[in-house]
Every structure is written in structure tokens, then in C-alpha cells.
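Secondary and tertiary structure notes
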Amino acid sequence: MTRLHPRAALRRTAGGLAAAGLLAAGSLAAGAPAQADSPAFTLGGPAETALHPYPASGSPQKTSLALTVSNPDEDEESYGYEGEVTYTVDFSGIAGVAVVSPAEDTGADCTVTGTTAVCHDYGVYPGLSGIADFGLAAAKGSTDGASGTIRVTGEAEGATFVPFSTKVVVGGPDLVMEQIPFDRETKPGDVQPAPVTFTNKGSRAADGVLLTLMYSRGLDIPERYANCEYDGEAGEEPQDAFAWSTALCSVEGSYEPGATYTLAVPLSVRATERAYYDTFVYRIHEDSAAQRSAQRAGAPFARGAGPELTLKKVTSSARSADLDPWNNQQEADFRTENTADFAAYGAKAEGAEGATVTAEVGYRNKGPAWIGYIRSGEAVATLDVTVPAGAEVTGKPDSCQGVTAAGRYREKQLGAPRYFCDSSMTVRDGADIALPFQLKINEVVPGASGAVTVRNTWLSEPALPFDPDTSDNTAQLVLNAADTGSEDTGGTSEGASTGTEGATGGDTSGSTSGTSGASGTSGSSGDAATSGSTTASGTSGTSGSASTDSGGILASTGSAALMATAAAAVALAAGGVLYATNRRRAQQI
């Protein structure tokens, strides 16, 4: 009897993958959605799992099988289904094909007896959660191509489960992507060849391949091949915080075991005028309709009109899942010699004593570069806002943290003398980050003003490393100016709005703002006492909404956006892509 423990990490990772929409192909599949009143859950896992053939000597290589359950509950505050849950995994269909073994780091929630595993759990969280991991290895005496099916069912009082089945097959292709020796230090306009090369280290040929190319906003692939599909320009929409473009290229043919293949004519990777920190991801899978659908992740694609992209064999030596999908991918980071001009804008507002006015301040990225810290997920910049004398903040954007005048931690968020507002991990060229504040005028102080400064996230090192022009980094928030004409409030433009007592954060009646169509939310708040900064989250290019929450630091975090950022990193790491680095840490401490 073997005991296994459902892994909490899978619950978090699987949910993050689904949230980011970046699931690697061949990863998680699920049965058809259930049609029941409440609640109804869907069991899932990999559609197919390939096993390395039983070796002539030594122990067989194990492959992990991760089973999942999906709860469609979309209520972020919900704990999901609360009750005893039993999952049954039937391994009888793989007898003689594979053997089951416990995964590492196991506990005592699953019991395996003979060809059946019974797992007991409590509750089903909203979203995608892990049930358990099982180790699979080819059975002794199994032949290449042998296959079987594993079936999973679930039961709980008052709930229904859509059953799931997954195919297990011995042998298959193992496409291994080789790393391209790029020059990682570039200048705008530089073009480098990308001779994508891979080897099939598996036991069977791949029936066609699907080359997936992902590149961030500062990069471009000039060619538009007829057998490739493209999803548009990276970050072309203001709300596109992740700023990725994707090309999917289907290349027909049989790609033999032991052989290496490369592009007949290398494609090109160009650093555009927007480039600063950028990443190029390239991966290879056996082609199939399911694989193409998984890589699209629901995004619209358009086919290229140029010649076909083709492959040629470099060295020699029935469709199936890849034996080791974790080596199908490589990535390259580029640092381009470029700058971005971040310009702050302030606001003017007027009101009598006791009135509440709404003032919208913020900053714009005048380019040419987009700035994205997609590896680390750190905030790009912080807007530092000082409240004018005689006024009190009664409503603030959720992304802004109230601090003391010296920039230290403050528990009460409203009524603070100063606010730090972090951006997201990306601020695209042309983005306008507009942040509305509600200000109650307790005392009319003619010409009272406070500084509005866009700076680095570390208070001790305020210079933005990518912005050499500091002349427009500071503007003014002015209340009851002596001259009510179009007096410049600093930066490149001004935004002002007035309201009445009790105005809400979104109220801009009787007002004008710096620009129309401003979009983007800035990130979540952090602990100013220890870092002088706030932590990154949110989506660049969307205006922040004012909040009247009087809670502490946790009450003003952009938790949903932070989860999206973390999910992106987890999802990409799961496919061998983006993992967090300390690239900028040396600049910050």
C-alpha cells in the first residue's frame, strides 16, 4: 500500500497557468464541462503522457502525471466547495504498459492498492487545483508504441464531477531545442539571424512540427511566412501588460529519431526603436490541431503572405506526446541601448473650505522605448505625490500607498501627507498612467501646491535608469491658485478637475484632465518602511480608480493584478520560459 499527498504547489501553479493563458501545449487537458445546477467540477490532466521505453539496463525513467480538478466558481472571495471529496484513479488500463510509483515528497492523502488509487481531500477551491501527482514508468517487457488509458472519477455530497481519462503511451519523439548564440547587447535597428535548430532524441519520428515564437514589444520578426500565423503587434492594446507577440509555424514532414534539423533560411530577430529589456522565446512541438489550439490560447491569428518557412536535416544518426516537454524550449534576453522619457503631469483644482475636489495626476511614457521588467515582475516606476497644504485625501487610487511626509510606513491610508503609486511591470511607449485623488479642502490656502514626481521605485535612488531627461519628471498639484488661467503645473501638460462635497473617485464633472483616453492601472502598495518603495502589480495604461478604503497597507494592494503578474512568471517558467531574476537588484540596493 502506497500513500501519496496532493501537492499544494500544483494547485497554485495550475491556477496561475490558466489565469495567464500561457499553458504549454500538451500540458493540462480537461473533460467536457458539466451541465449541472450546483456545484459541478471537471477533472483533468495531460491529454496524453509519453514514457521513455524500458531500458536494456538500469532503471526506467519516470514521468510525472499531475491530475487536476476545476471549480468554475468565479467569486474571488469564495472558498469554493467545502466538504469531503473522494477521487478514484483507475490504473487497470495501463497494466503491462506502465507501472505507478509515488511521487517525491508525498504524504498520506492518497492510498494506492493494486491498480486503484483513492484520494481523500477536503474542499475544491475556485479555479484549477491539483489533486495528486503520480510517477509513471514503462513496465518491464512493454514495447515501443504500447498504450493504455487511466480513468479518474470524483464524488462529494451534493456535487457532480465530469470524469477524465488520459492516454499513456510508451515511446515517442523527444524534440530538444538548441540555444541560439545571440548577441544580447543590441541597439535599435539591429537585426540578428535566428537559425532555429532542434534534435529528435526520442524513439519515434515526429509527424510534422510546430515552431512557436514569442517575442516582447521591443522585438520584431520582419518575415511573414505563408505557413506561419501571427497574432499582431506586441502590446498594441493599452491593457496588454504582458506585451507579447506570437508566431505559430507549421512545418510538414517526418522528423526522424536521432536527427537534427535547422531552418533552411534563418529567420530574423530585430530590435525595434521601442526596445529596452526584451525576451525572445522559441519552442518546438510535434504538430497537431490540439497543439496549435493550445498555443493560440484563444488569441486571433492571421496567416503570413510570404514564402514558406522550411527545415533541413543537419545530421543523422504514429503521432505521440513528447517524451520530455521541458527541453522543447529556449529563450534569450536582450538589452538594447535605448531610452524612455517619463513625463509627470500635475493638476489644478479649486474649492471652498469644506468642499471635496477631484484632481487627476499621473505621467506618460513619451518613448521611444517601452519599459518592461517581465523577468522579475518589478514595478517600472513610482509616482510620488505630496498633498498640498490645507487639504486632506479622502479617496485615492487602490494602487497608491499613503506614507508619512518622510516616506515611511503609515497604517492609516486616507489623510496621509504623501502617496507612493507604483506602476505595473510594463509601461509601454505612449502609455498614460492617470491617477485620480479626492481632496477635501479643510482650509483654503491660496496657491497651495504639492510635488508630483515620477521616479525610480527606490526612494533612496530616485533616478530612472532609462530616462536621462529629468526636466519633466516633476509637476505640481495646485489648489486654489491665485491665477486660475492656464498656468503650467509642470511636466508636459496639466490635468485638473473640481467636484463637490462627497465626490467619488471617478467623478470628473466640471473638469478637464491631462489627456483623453488615458489608460492603465499602477501597481500594488508595499512597505515603505523597509524599501522606500511599493511592490509591482497592475496593468500599465489604465487610469486608477479612487478608493475610500481607510484600511492599512493590505487594503490598498492590487491583488488581482499581482496574481496576473505572478501567474505569467509561473506559466512561462512551467514551459521553460520566464523565471524571476535579480537583474535590477544591484541597481536598487
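Up top you'll find the structure we're talking about.
In this report, we go over the structure that sits alongside the text. The shown structure was predicted, so the numbers you read here are calculated from the model rather than taken from an experiment.

1. Some remarks on the overall build of the protein
For the protein, the helix and strand inventory stands at five helices and 40 strands. Among the 589 residues that make up the protein, the fraction classed as buried is 52%.

2. Some details on the state of the cysteines
According to the stated counting rule, one finds three disulfides in the structure shown. Here C110 pairs with C119 through a disulfide, and the sulfurs are 2.1 Å apart. Its S-S torsion of approximately 115° makes the covalent link between C110 and C119 right-handed. Accessibility expressed as a relative area gives 0% for C110, which makes it buried. A disulfide bridge connects C400 with C421, and the sulfur atoms are separated by 1.9 Å. On the sign convention where negative means left-handed, the S-S torsion of about 115° between C400 and C421 marks this disulfide as right-handed. Of the two residues, C400 sits in strand 34 (residues 400–403) while C421 sits in strand 35 (residues 418–422), which places them 21 residues apart along the sequence.

3. A few points about the side chain of T199
In this structure, T199 sits in strand 17 (residues 197–200). Residue T199 is classed as buried on the basis of its relative accessible area of 10%. Reaching out from T199, the side chain makes a polar contact with the side chain of E178 at a distance of 3.4 Å. In this structure the side chain of T199 is engaged in a polar contact, spanning 2.7 Å, whose partner is the side chain of T260. When sequence neighbours within four positions are dropped, the list of residues in contact with T199 reads D174, L175, V176, E178, A259 and T260.

4. Examining the sheet that holds strand 24 (residues 277–286)
Overall, mixed pairing links the seven strands, which are arranged 15-27-24-18-21-20-25 in an open sheet. Bordering the open sheet on either side are strand 15 (185–186) and strand 25 (302–303), each of which pairs with just one other strand. Relative to strand 21 (residues 244–255), strand 18 (residues 206–216) runs antiparallel, the two being bridged by 10 bridges. Residue L211 lies in a different strand from strand 21, and its bridge partner there is C249.

5. A look at the pairing of strand 13 (residues 164–170)
Buried residues dominate strand 13, accounting for five of its seven residues. As defined by bridge partners, strand 4 (residues 48–51) adjoins strand 13 across four bridges and the pair is classed as parallel. By the bridge assignment for strand 13, L51 is matched with V170. Bridge analysis of strand 11 (residues 147–156) against strand 13 gives six bridges, and the strand direction is antiparallel. Bridge pairing links S147 to V169 in strand 13.

6. Things to note about the sheet that holds strand 38 (residues 448–455)
Pairing is mixed across the open sheet formed by six strands, whose spatial order is 29-39-38-32-35-34. Of all strands in the sheet, those with a lone pairing partner are strand 29 (347–349) and strand 34, marking the two edges. On average, each strand axis in the sheet is inclined to that of its neighbour by 15°, with strand direction left out of account. Bridge count for strand 29 against strand 39 (residues 474–479) is three bridges, and the pairing is parallel. Residue A349 lies in a different strand from strand 39, and its bridge partner there is L479.

7. Details of empty space enclosed by the protein
Reported here for the largest cavity is a volume of approximately 40 Å³. Considering the residues around the largest cavity, the lining is formed by T186, D190, V191, Q192, L219, V269, R270, A271 and F334. Listing elements by their share of the lining of the largest cavity, those giving two or more residues are strand 16 (191–194) and strand 23 (267–271). Looking at the lining of the largest cavity element by element, the count peaks at three residues for strand 23.

Rules used in this analysis
- Residues numbered from 1 in each chain as written.
- Predicted model: local features only at pLDDT ≥ 70, side-chain atom pairs only at ≥ 80, totals over all residues.
- Heavy atoms only, no water.
- Helix = DSSP H or I, 4+ residues; strand = E, 2+ residues; numbered from the N terminus.
- Buried < 20%, exposed > 50% of the residue type's maximum accessible area, 1.4 Å probe, protein only.
- Disulfide = S-S within 2.5 Å.
- Polar contact = N/O pair within 3.5 Å; in protein donor to acceptor, adjacent residues only side chain to side chain.
- Contact = heavy atoms within 4.5 Å.
- Pairing = 2+ DSSP bridges.
- Axes fitted to C-alpha atoms, helices over the stretch in contact; angles between N-to-C directions.
- 1 Å grid on protein atoms, 1.4 Å probe; cavity = no way out; pocket = protein on both sides within 12 Å on 5 of 7 lines; lining within 4 Å.
- Points joined across faces, edges and corners; volume = space filled by probe spheres on them.

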